[in-house]
Amino acid sequence: MNGPALLAAAAPVFAAGLAAGHLLARRGGRDGTHRGGPVERATFRTLHTASAAAPPLRAGLTQDTARKAVRRLRPLFGTAALALTAEDRLLAWDGPGRHHADTALGSVRRLLESGRTQTFAVRCPDPDCSVRRGAAAPLTVDGRVLGALVVLGAGESVPAARATEEVARWVSVQLELAELDRTRTGLIEAEIRALRAQISPHFVYNSLAAIASFVRTDPERARDLLLEFADFTRYSFRRHGDFTTLAEELRCVEQFLELVRARFGQRLRVTLQIAPEVLPVAVPFLCLQPLVENAVKHGLEEGVARGRIGITAQDEGATARIVVEDDGVGMEPDRLRRILRGEDGPAAGVGLRNVDERLRQVYGDDHGLVIETGVGAGTRVTIRIPKYRPGVHSAPPGSPRPVTGPASAAAGPPSPRRR
Amino acid sequence: MNQTYGIAAVSAAVVGTLVTGSAGLRISRTTSDFYVASRTVPPYLNAMAISGEYLSAASFLGIAGLVAAQGVEMLWFPVGYAAGYLVLLVFVAAPLRRSGAYTLPDFADARLESRAARRVAGVLVVGVGWLYLLPQLQGAGLTLGLVTGAPRWFGALLVAVVVTPAVAAGGMRGITFVQAFQYCLKVTALLVPAVFLLLAWHGDPRPAEALDEPPTFRRHTQVTVETTVRLRVETPLRAVATGAVDGRRHDGDRLSLDPGVHEVRAGTTLRFPAGTPVPEREPGDGRRAGASSWAAPLSGGRDDHPLYTTYGLIFATFLGTMGLPHVLVRFYTNPDGRAARHTTVIVLALVGGFYLLPPLYGLLGRIYAPDLLLTGTTDAAVLVLPERLVGGTLGDLLGALIAAGACAAFLSTASGLVLSVAGVLGQDLLPSPGVRHFRPATLLAVAVPVTVSVAAGELPVAHAVGLAFAVAASSFCPLLLLGIWWRGLTAPGAIAGLLTGGGSALTAVALTIAGPVTDGWPHTLLAWPAVWSVPLGFLTMILVSLATRDRIPPGTEAAMARLHLPEPPVPPNPPAGTRPPRSDHPMTIRRPGAGPRT
Amino acid sequence: MRRQLALSLKTFGMLVVLLGLLPLAFTALPDPAVRPGGTLVVWAVLGVAAYPALVVIGRWYVVRAERVEGDTADRAGGDTADRAEGGRR
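Source: prediction; values computed, not measured.

1. Overview of the overall build of chain A
Then comes step 1: When helices and strands are tallied, chain A shows 11 helices and 12 strands.
Then comes step 2: Relative to its full complement of 419 residues, chain A shows a buried share of 41%.
Then comes step 3: The contacts of chain A with a sequence gap of at least 6 include a subset with a gap of at least 24, amounting to 64%.

2. Digging into the overall build of chain C
Then comes step 1: Assigned secondary structure in chain C consists of four helices and zero strands.
Then comes step 2: The order of helices and strands in chain C, counted from the N terminus, is α-α-α-α.
Then comes step 3: Here chain C, with 89 residues, has 27% of them falling under the buried criterion.

3. Regarding the sheet that holds strand β3 (residues 118-121) of chain A
Residues and elements named next belong to chain A.
Then comes step 1: With antiparallel pairing, the five strands of this open sheet are ordered in space as β2-β1-β5-β4-β3. With partners counted over all chains shown, the strands left at the sheet margins are β2 (90-94) and β3, one partner each. Here the strands of the sheet are splayed against their neighbours by 20° on average, with no regard to which way each runs.
Then comes step 2: In terms of strand pairing, strand β1 (residues 81-86) meets β2 through four bridges, oriented antiparallel. Bridged to L84 within β2 is A92.
Then comes step 3: Each of β1, β2 and β5 (144-153) is contacted by helix α3 (residues 63-77), which is oriented at about 35° to β2, the strand it contacts most.
Then comes step 4: Sheet contacts for helix α4 (residues 101-114): β1, β2, β3, β4 (133-141) and β5; angle to β4, the most-contacted strand, approximately 45°.

4. Things to note about helix α11 (residues 350-363) of chain A
Residue and element names in this part refer to chain A.
Then comes step 1: The end-to-end C-alpha separation of α11 is 20 Å, in line with the 20 Å expected for 14 residues at 1.5 Å each.
Then comes step 2: Of all 14 residues that make up α11, 13 are buried, and the element is covered over most of its length.
Then comes step 3: Remark: G364 follows α11 within two positions and exhibits a positive phi of approximately 100°.

5. Quick word on the UniProt feature "transmembrane region" (unreviewed entry) in chain C
Then comes step 1: UniProt tags residues 40-62 of chain C as "transmembrane region" (unreviewed entry).
Then comes step 2: With 100% helix and 0% strand, residues 40-62 of chain C has its two end C-alpha atoms placed 33 Å apart.

6. Observations regarding the pairing of strand β11 (residues 370-373) of chain A
On a regular strand, one side chain projects to one face of the sheet and the next to the other, so that they alternate.
Then comes step 1: Alignment of β11(A) against strand β12 (residues 379-386) of chain A, held across four bridges, turns out to be antiparallel. If you follow A:T373 over to β12(A), its bridge partner there is A:T379.

7. Regarding the packing of helix α6 (residues 201-217) of chain A against helix α7 (residues 219-237) of chain A
Residues and elements named next belong to chain A.
Then comes step 1: In contact at an axis separation of 7 Å, α6 and α7 are set at 155° when each is read in the N-to-C sense. The pairing of α6 with α7 is recorded here as roughly antiparallel in orientation. Between α6 and α7 the crossing geometry is left-handed. Along the contact surface, α6 presents S207, I211, F214 and V215, while α7 presents P219, R221, A222, L225, L226 and F229.

8. Some remarks on unusual backbone geometry
Glycine aside, residues mostly have negative phi angles, and peptide bonds mostly take the trans form.
Then comes step 1: In this structure, A:L286 takes a positive phi of about 50° despite not being glycine.
Then comes step 2: Along the chain, A:L286 turns up in the loop between β8 (282-284) and α9 (289-301).
Then comes step 3: The backbone of B:E113 shows a phi angle near 50°, a positive value even though the residue is not glycine.
Then comes step 4: Positionally, B:E113 belongs in the loop between α6 (104-112) and α7 (115-148).
Then comes step 5: Residue B:E113 is classed as partly exposed on the basis of its C-beta count, with 18 C-beta atoms lying within 10 Å.

9. Remarks on the nonpolar core
Residue and element names in this part refer to chain B.
Then comes step 1: Within the largest apolar cluster, 215 residues are counted, with the highest numbers of intra-cluster contacts made by L348, V351 and A404.
Then comes step 2: Per-element accounting of this core gives the leading share, 20 residues, to helix α16 (residues 392-429).
Then comes step 3: For this core, the domains that each give at least three residues are domain 1 (3-24 + 39-202 + 295-551) and domain 2 (221-277).
Then comes step 4: Apart from the residues lying within four places of it in its own chain, the contact partners of A404 are A9, V10, A12, A13, L185 and A189.

10. Focus on the confidence of the model for chain A
Residue and element names in this part refer to chain A.
Then comes step 1: This prediction gives chain A a mean pLDDT of 75; 78% of its residues lie at or above 70.
Then comes step 2: Within chain A, no element has a lower average pLDDT than helix α1 (residues 3-31), which sits at 46, and none a higher one than β12, at 89.
Then comes step 3: In the predicted structure, residues 1-34 sits below a pLDDT of 50 and forms 21 contacts with residues beyond four places in sequence or in another chain.
Then comes step 4: A low-confidence stretch, residues 396-419 (pLDDT under 50), is modelled with 39 contacts involving residues beyond four sequence positions or located in other chains.

11. As for the environment of A:T185
Then comes step 1: Residue position: A:T185 is located in helix α5 (residues 158-196).
Then comes step 2: Spatially, the C-alpha atoms of A:T185 and A:F77 are 34 Å apart, while their sequence positions differ by 108 residues.

12. Quick word on the confidence of the model for chain C
Residue and element names in this part refer to chain C.
Then comes step 1: Residues of chain C with pLDDT of at least 70 account for 66%, and the chain-wide mean is 71.
Then comes step 2: A low-confidence stretch, residues 77-89 stays under pLDDT 50, and its non-local contacts, those more than four residues away or across chains, total 12 contacts.
Then comes step 3: Across the interfaces of the predicted complex, the ipTM metric reaches 0.79, alongside a pTM of 0.72.

13. A short note on the environment of A:A160
Residues and elements named next belong to chain A.
Then comes step 1: Mapped onto the elements, A160 comes out in helix α5.
Then comes step 2: Classification of A160 as partly exposed rests on a count of 19 C-beta atoms within 10 Å.
Then comes step 3: Sequence separation between A160 and A135 is 25 residues, and the spatial gap between their C-alpha atoms is 7.0 Å.

14. Some details on helix α12 (residues 337-355) of chain B
Then comes step 1: Look at α12(B): 27 Å from first C-alpha to last across 19 residues, which is about the 27 Å you get at 1.5 Å a residue.
Then comes step 2: For α12(B), the buried fraction is high: 17 of the 19 residues fall into the buried class.

15. Here we look at the environment of A:I371
Then comes step 1: Looking at the secondary structure, you find A:I371 in strand β11.
Then comes step 2: Measuring from C-alpha to C-alpha, the distance between A:I371 and A:V323 comes to 9.8 Å, with 48 residues separating the pair along the chain.

Basis of the calculations
Residues numbered from 1 in each chain as written. Chains lettered and ligands numbered in written order. Predicted model: local features only at pLDDT ≥ 70, side-chain atom pairs only at ≥ 80, totals over all residues. Helix = DSSP H or I, 4+ residues; strand = E, 2+ residues; numbered from the N terminus. Buried ≥ 20, exposed ≤ 12 C-beta atoms within 10 Å, placed from the backbone. Contact = placed C-beta atoms within 7 Å. Pairing = 2+ DSSP bridges. Axes fitted to C-alpha atoms, helices over the stretch in contact; angles between N-to-C directions. Expected span 1.5 Å × (residues − 1). UniProt positions renumbered as here; feature names shortened; annotations may be inferred. Parallel < 35°, antiparallel > 145°, perpendicular 65-115°, else oblique. Left-handed = near helix turned anticlockwise from the far one by under 90°. Core = buried A, V, L, I, M, F, W, Y, C linked by C-beta atoms within 7 Å. Domains from an automatic or database assignment. pLDDT = per-residue confidence, 0-100.

Right, here's the structure in full:
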């Protein structure tokens, strides 16, 4: 079974569950109290328990998530003990009788061989031990058995085995979804990785053309520009680290502007206002350059005689506020909205959208781009970056280390940097 | 003191602060020289900023006051404040910078990967910040009261009115420049008058031995008592009184005070002839105050256990500096761990250099302003000395300069603290974090200490700071030291340690301020909690961590490597909360001027 | 990290020996009523001498700490050289 198919199968079940939950909630809400019959109450309780156990499982099957999930699932059975195992080891055990873990793992081994639900008896010298019988059902993701759900208790084995199987299937669905989430995140990361290194081909062409125009008249300048160009591309193509410091990012912008100026000369005026406190702040790699490129494009390239670009970075306590503005032609906000939704052709606004998505992904929806624009009123793009966010560290500039982080391991082999 | 000069000086300090703040952004039109100029904040500038933020009203006014009142043992305060930076340098500075944490809750989060630990640290940061804000507000009240004759609560209110909008509006934009400017102002404000004071002292025909016991009035002195005091007289002395002494009304009559304790009602004016030994002030609860043993390094003073209290002070100040919220925030401005270390050494030199001055003022205050001992307002010693010793217009000008410095002292520390406290409140403690919550958080951050300060009345400035240090030392010191140097720290351990250490110190502080226990060992233990609460914090943290060994955060090794290695071999982890972007949250797009600027 | 910790502890030890034991030493001083000279010593030590001493210890520590870090980086495989070459001038 593959992921999408399973998702399709799971969807109606969830829809039904949702509808039931909604109905119950409405009834409860109307009366002020919950007065359903015993069946409804049981349904409600079951759905509630299941939904409580879902979030940990959606993060995948680890010791930590298993512990939380088992604790929340056990009331569903009302049995003595509940356990989740990986293929060969115990992940979490809730309830008494932990000394029977080996017996349970033995049945999981048989389960792995047969691929079918196992029931087993537990022999215990302790007369007070409440664990007499058990059932183990497989957890399958993508047709592969990842582990097992083990229910232990004193009661009858056949109905227990059925229930175990059903719950194991539900857990499997959650794990499938977790897998899907992971795949999706990976895809997006790959997309971002692909996008972030893209510098516009127009820019490369224009820069080289501008440099070429200086080769005869001012070879010194041409050489400097070429070096700037080399530095800029090196920075843009670097492979390690998702984050850099604002200082590095501004340096990149500086090189970019130097090249732009080679083309526009005195037509472009740039004002930088940078509070030195914010220079060490870690920011997503290449989050500023697209904004500046955009400002140049709309501030200058659309036939304006003179353009001014302002870049401001301020300290705002726990956040750094960065503003890129131009005094260009601006745009009707609705049109910009369409462009950024990708409705005005696929290529338009890709830089801004990409920056926005990355910022939201890292810092949350409160930290996306804020764009202020109007026809003839210029454009102002503001971002706010928290100075600290767990897991965000700027890679040291020029660090020779390749990327080996867990999520980026799939991105490719370590980049060779040996000389 | 001449009010016109004073008001002008204080206004100049405020305006200077605001102007430096708004001009602090480097404006550069030619982009290429931008990098040469301000690639990052150089260590010396950052060190000046840290010193400027650190040297609070307690350092500027409180130390001299304590030295004047209680003598040489109070020199441990400045020594401790400076030595705290050495401890910070040795154990914390570089690793903390490498952790990338901006505040203490950030550090707890980065190292322990626990939201709960983050929250607990946040609560404690707010507690310590408020406790530290109290003496700043009191110092403001004192200074402004002397300069303008305004009531005590006015100063606290003025600070609130100046600092809150500045912080809330992000007006402290070039904060590093502001704080560096404040440091220069503070040093100048003490150094220049000190030179004149020393000259005047030198020119005094009777440069009396400062260590004389007890001090005497050097000239005919008139003292007006603002609150009812009890005076202990050792040898019979004569005075002229207007008001009520020992329950009898006097109206400019001569009065002879026999040895024993005499009660002087509020509002009474006493005039003493030159050469009279200064009567000793009895604290309200009947314990002996410390003036009698002024010159002795330990023997006596506030309590019956001088050695213990001295060590209490040492523990609190040595280990507490690293836990002050506004200090750590500045370390983030360093580009890397190495720079953080260099900065700290410079801070050590700058702060140490500054602390050479206040004891001098204390010494001179004892000689030339002994009436302050009688009224109990020794914190004012620094402010009144130029007038007493130099006099004339020059004295007024120097006094105004000192007033400006004092103003800088409480403004800089208060703004730094409010910024830190508001940041933590807005980010971690108030519901639904977000940028929009920063302003209410700022209001809350200021309102609570102002209310307490107005309600609580007087607390010796430096002593209150000592209590804040004690709380910081017993909660954050264990967290930072163990977090940085011990792999075995777990989130439950850290939380338990923070709560036990910080909680017990806070309780002790609350009991001291509320004052149900006033005597003997219990009082001493509560007034100087650091000696027992710091080990308690450490012990709890270690034991609980050992008990919860299976909860050691999975990222510990990576975090440790990042903290300690100059070139982190562990590449940056992908952000913890990676999740797909949501297309149903489009970017905010609007016309300029439409709606509030965010 | 072990060497850094050892260095830190050593420095901290110096601080404790230098300042932490002072209160004990002061109790051993003769009564100021008898010999006022002792008081002057206390003033000189706490009021003036302590600060240069702190700065000297701090400086000493920084020099040592950077040497340790340099060694660590060398052992990590000549990365520093690579970095110096690869880094921007």
